[in-house]
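# Residue-level structure breakdown
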Amino acid sequence: MSTTKPELILIFSGKRKSGKDYVTDRIQERLGANVCCILRLSGPLKEQYAKDHGLDYSELLGAGQYKEKYRADMIRWGERKREEDHGFFCRLAIRQAKQPVWIISDARRLSDLQWFWREFPQQCRCVRVEASEQTRLQRGWMFSPGIDDAESECGLDQGVQFDWIINNDGDAGLLEEQLKELFVLAEDKSGDNAGQRTLTISG
Ligand SMILES: Nc1ncnc2c1ncn2[C@@H]1O[C@H](COP(=O)(O)OP(=O)(O)OP(=O)(O)O)[C@@H](O)[C@H]1O
Ligand SMILES: C[C@@](O)(CCOP(=O)(O)O)CC(=O)O
């Protein structure tokens, strides 16, 4: 499979309604879509799941309640695919990526991180988005047994050395402050030295 080699990969994780999409959208707005793309591991998963089950793919991608009706079954469906091939969704997610900075907005499992670290040992940085339970409840989260206590939500609670932990309980100013270092790194990596080399993904 052919893609374009990135200069920096920011791998985001965080609990439901912590604000992964919100924070990564803000970063892309700041860096610009020519420099930074947002890649969702759940994108190809939801696309195929929607086709197989006659569902609305764009609704599954959104922040509303629609996807929550199907979440438990989507998790099981995706885990069956991952058991056969750990890198299955990672490879699909990066297919079209051309920008020097990639944001993976929804890592959930150590196997996702391991795949990226193996393929791109120099480029990966891990970012955790955190918000209190109270904030997440206000954003529409409700604890669901079998989801919030399972690997999909807890797989990266231990065993990862995060490069940044972003608290997303506060206002825009507080968020901006916490993203400063990350912007400096991304702007540095996407500057003059941002190469456009082609690489081959194995496996
Ligand atoms: N800092 C913030 N300020 C205002 N609204 C926010 C902020 N962070 C998140 N939100 C809002 O909270 C809701 C959930 O955020 P988001 O969809 O980014 O979370 P998520 O972690 O991607 O959630 P999930 O994985 O459950 O889909 C969205 O409606 C989003 O706009
Ligand atoms: C099925 C799944 O990909 C849903 C992710 O949805 P979202 O990122 O919370 O919108 C979660 C998983 O892969 O375990």
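Note that the coordinates shown come from a computational prediction; the quantities given were computed from them, not determined experimentally. (Residues numbered from 1 in each chain as written. Chains lettered and ligands numbered in written order. Predicted model: local features only at pLDDT ≥ 70, side-chain atom pairs only at ≥ 80, totals over all residues. Heavy atoms only, no water.)

### Considerations on the UniProt feature "binding site: ATP" (unreviewed entry) in the protein
Per the UniProt annotation, the sites labelled "binding site: ATP" (unreviewed entry) are K15, R16, K17, S18, G19, K20, D21, R139 and Q178. Of note, R139 is situated in the loop between α7 (133–138) and α8 (151–154). Here R139 falls in the partly exposed class, since its relative accessible area comes to 34%. Every residue in contact with R139, bar those within four places of it in the chain, is listed here: K17, S18, G19, A131 and N168. Of the polar contacts made by the side chain of R139, one reaches the backbone oxygen of K17; its length is 3.1 Å. Relative to the helices and strands, Q178 resides in helix α9 (residues 172–189). What makes Q178 partly exposed here is its relative accessible area of 23%. Not counting chain neighbours up to four residues away, the residues in contact with Q178 comprise I165, I166 and N167. Engagement of the side chain of Q178 in a polar contact is seen with the backbone nitrogen of N167, the distance being 2.7 Å. (UniProt positions renumbered as here; feature names shortened; annotations may be inferred. Helix = DSSP H or I, 4+ residues; strand = E, 2+ residues; numbered from the N terminus. Buried < 20%, exposed > 50% of the residue type's maximum accessible area, 1.4 Å probe, protein only. Contact = heavy atoms within 4.5 Å. Polar contact = N/O pair within 3.5 Å; in protein donor to acceptor, adjacent residues only side chain to side chain.)

### Some words on the site of ligand 2
In the region of ligand 2, the neighbouring residues are S42, L45, K46, K67, R71, M74, I75, R82, R108, R109 and S152. Measuring from an oxygen atom of ligand 2, one finds a side-chain N or O atom of R108 at 2.8 Å. S152 places a side-chain nitrogen or oxygen 2.8 Å from an oxygen atom of ligand 2. A total of 390 Å² of accessible area belongs to ligand 2 in isolation, and the protein chains cover 94% of it. Looking at the shell around ligand 2, the elements that each hand over two or more residues are α2 (42–53) and α4 (66–84). Top element by residues in the shell around ligand 2 is α4. It accounts for 5 residues. Classifying every residue of the shell around ligand 2 by side-chain character gives 3 nonpolar, 2 polar and 6 charged. (Near = heavy atom within 4 Å. Areas by Shrake-Rupley, 256 points an atom, 1.4 Å probe, with all protein chains shown as cover. Nonpolar A, V, L, I, M, F, W, Y, C, P; charged D, E, K, R; others polar.)

### Here we look at the environment of Y70
Position of Y70 among the secondary structure elements: in helix α4. Judged by relative accessible area, which is 22%, Y70 ranks as partly exposed. The spatial distance from the C-alpha of Y70 to the C-alpha of L55 is 9.6 Å, given a sequence separation of 15 residues. Other than its neighbours up to four places away in sequence, Y70 contacts Y49, L55 and L60.

### Some words on the pairing of strand β2 (residues 8–14)
Regular strands have side chains that alternate between both faces of the sheet. For β2, a buried count of 7 out of 7 residues is recorded, marking the element as mostly surrounded by other parts of the structure. Burial along β2 is two-sided: L8, L10, F12 and G14 facing one way and I9, I11 and S13 facing the other are all buried. As paired strands, β2 and strand β4 (residues 101–104) are joined by 4 bridges and run parallel to one another. Considered in β4, the bridge of I11 is made with I104. Bridge count between β2 and strand β5 (residues 124–130): 6 bridges; the pairing is parallel. Opposite I11, over in β5, you have C126 as the bridge partner. (Pairing = 2+ DSSP bridges.)

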